[in-house]
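Letter by letter, the chains look like this.
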Amino acid sequence: QGHLSRFLSFALGLCVTAVESDSRLVGLAQRLDRELLRELGKARRVAHGVPLTPRAPRHLAGRLDPAAPWGEFLLPPDPPGAAPAARNPLGGPGGSEDGGPVLLTGLHACGDLGPALLCHFARSPAVAAVALAGCCYMKLSTAPQRQPLGYPLSASVAALPGHQLSYRAREAACHALEEYEGRLRGGGAQLRAHCYRAVLESLIRAAEPSKRHLGLQPGRKAHGLSFPQYAQLGLPLAGLDPARIPLDSGAVGAMLEQQHKVVAFCTLGHLLAPLVETLILLDRLLYLREQGFHCALVPLFNPRFSPRNLVLVAARVPLAKVLAKDIGDGDSSEEEDVEEAESLKEGQS
């Protein structure tokens, strides 16, 4: 809904173009912009007696085409019936509307969107820098024919024996270890949803073996429901009729009694999640390093606020110059890049 774009525009005065594939969210972002403008205008008139004329972000509906050149990088939005996206919304042959350098930013860029942004940065000289926080690693492409998108991106990781990551491993890397620790301390009620989801998965596979990795979300308050209530919400999301599946059978009861085993399994997965995420993020960093860019992984905020707190930043010049708002020419050694990364980490900790 454009919260980051709104902050960058109104608070920092930057020229921002935001691209979102969901036209409904674009409309919501524009409405929130208008509401903020009204409130800011009222406050400004009360304080100074003059109207406020800030620069609002521009919101566009569209999807990134990873294979297209920078000048034509948008596909029409979803659904297909929505208004087509403007081509090259930043203007010019790859730069911004005023010809200035572009910072490409992905906030929790899902699946292949993260690698696509890095590829656009790598081959678009007008893009001076990129800042990326990824998410939804299980949606990354892993088939060789989709490379260099997805995982692995770098030649270094692709050459490692056993570098492949299963869907389960990539899905586990998305979980919040810090938040799960709180659930463990809270006791059984908060953990019941894991067992409910496992039993629901068993029922779905028994009814339709081809249905896997559906990403169902029957409700955020699942632990407060009985299992039949939970299944009544979840099975229709999988295209199944709850009336045709016994929800109070002895087999279902026996599975529900195995909650402690489900919790143990989930806990082991959460403990390994940082390892998998680190491999994915280092693969992206190495991809940029292999092409000569300056980059670092920065722990930008507390992972309890959002578990995807590691932001990959990269630029065509040494990061110290970028942070000093100096986009001039310059080179640095890899040791200097490491020192920059360490200083950034220390500053954020």
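Scroll up to find the structure this text is about.
Every residue gets a number counted from 1 within its own chain, in the order that chain's sequence is written. Local features in this predicted model are restricted to residues of pLDDT 70 or higher, and side-chain atom pairs are both shown and tallied only at a pLDDT of 80 or more, whereas totals for entire chains, interfaces and linings draw on every residue. Only heavy atoms go into the side-chain values, all of them from the structure, while hydrogens and water stay out.

Asker: Lay out the environment of Pro101 in plain terms, naming residues and giving numbers.
Answerer: Counting from the N terminus, the helices are the DSSP runs of H or I reaching at least four residues and the strands are the DSSP runs of E reaching at least two. By the secondary structure assignment, Pro101 is in the loop between strand E4 (74–75) and strand E5 (102–110). Separated by 25 residues in sequence, Pro101 and Ala126 place their C-alpha atoms 5.7 Å apart.

Asker: I'd like a rundown of the side chain of Ser9, residues and numbers included.
Answerer: By secondary structure assignment, the location of Ser9 is in helix H1 (residues 3–11). Given a relative accessible area of 2%, Ser9 falls into the buried group. Only protein chains enter the calculation, and the probe is 1.4 Å; a residue is then buried if its accessible area is under 20% of its type maximum, exposed if over 50%, and partly exposed in between.

Asker: So, the pattern of salt bridges: which residues are in play, and what are the values?
Answerer: Only one rule defines a salt bridge in this text: a Lys or Arg side-chain nitrogen within 4 Å of an Asp or Glu carboxyl oxygen. Taken as a whole, this structure holds 10 salt bridges when the rule is applied. The partner of Arg185 in a salt bridge is Glu181, with the nearest N and O atoms 3.1 Å apart. You can see Arg185 and its partner Glu181 sitting in helix H6 (residues 177–186), four residues apart, about one turn around the helix. Arg185 sits in the exposed class, given a relative accessible area of 68%. Shared partners join several salt bridges into a network, and the residues in it are Glu181, Arg185 and Arg304.

Asker: Report on the pairing of strand E7 (residues 294–299), specifying residues and quantitative values.
Answerer: Within E7, five of the six residues are buried, which leaves the element mostly enclosed by the surrounding structure. Here, strands pair whenever DSSP counts at least two bridges between them. Direction of pairing for E7 relative to strand E8 (residues 310–315): antiparallel, over a ladder of six bridges. By the bridge assignment, His294 is partnered in E8 with Ala315.

Asker: Account for the side chain of Ser141, with residues named and values stated.
Answerer: Structurally, the position occupied by Ser141 is in the loop between strand E6 (127–135) and helix H4 (155–158). On the basis of relative accessible area, Ser141 is assigned to the buried category, the value being 12%. Only 2.3 Å separates the side chain of Ser141 from the side chain of Asp112, close enough to count as a polar contact. As used in this structure description, the phrase polar contact means that two N or O atoms lie within 3.5 Å; if the pair is within protein, one of them must be able to donate a hydrogen and the other to accept it, and residues adjacent in sequence are counted only when both atoms belong to side chains.

Asker: Report on the packing of aromatic side chains, specifying residues and quantitative values.
Answerer: For Phe, Tyr and Trp, where Trp contributes only its six-membered ring, two rings pair if their centres lie within 6.5 Å, and the inter-plane angle classes them as stacked under 30 degrees, edge-to-face over 60, or tilted in between. In this structure the tally under the stated criterion is five aromatic pairs. Ring centres 5.5 Å apart and planes at 65° place the aromatic pair Tyr196 and Phe227 in the edge-to-face group. Taken together, the residues Tyr196 in helix H7 (residues 188–207) and Phe227 in helix H8 (residues 227–237) connect sequence positions 31 residues apart. The exposure classification of Tyr196 matches that of Phe227, with both residues buried. Members of the aromatic cluster, joined through ring pairs, are Tyr196, Phe227 and Tyr230. Distance and angle both matter: a charge sits over a ring if NZ of Lys or CZ of Arg is within 6 Å of the ring centre and within 35 degrees of the ring normal. Just above the ring of Phe121 sits the side chain of Arg316; from NZ or CZ to the centre is 4.9 Å.

Asker: Just give me the short version of the sheet that holds E8, but keep the residues and values in it.
Answerer: If you walk across this open sheet you meet the four strands as E5-E6-E8-E7, and the pairing is mixed. The outermost strands of the open sheet, each flanked by one partner alone, are E5 and E7. Strand-to-strand twist of the sheet, defined as the mean angle between neighbouring strand axes without regard to direction, takes the value 15°. Where E5 and E6 come together, eight bridges link them in parallel fashion. Directly across from Leu103, in E6, lies its bridge partner Ala129. Axes here mean lines fitted to C-alpha atoms, for a helix over just the part in contact, with angles spanning 0 to 180 degrees between N-to-C directions.

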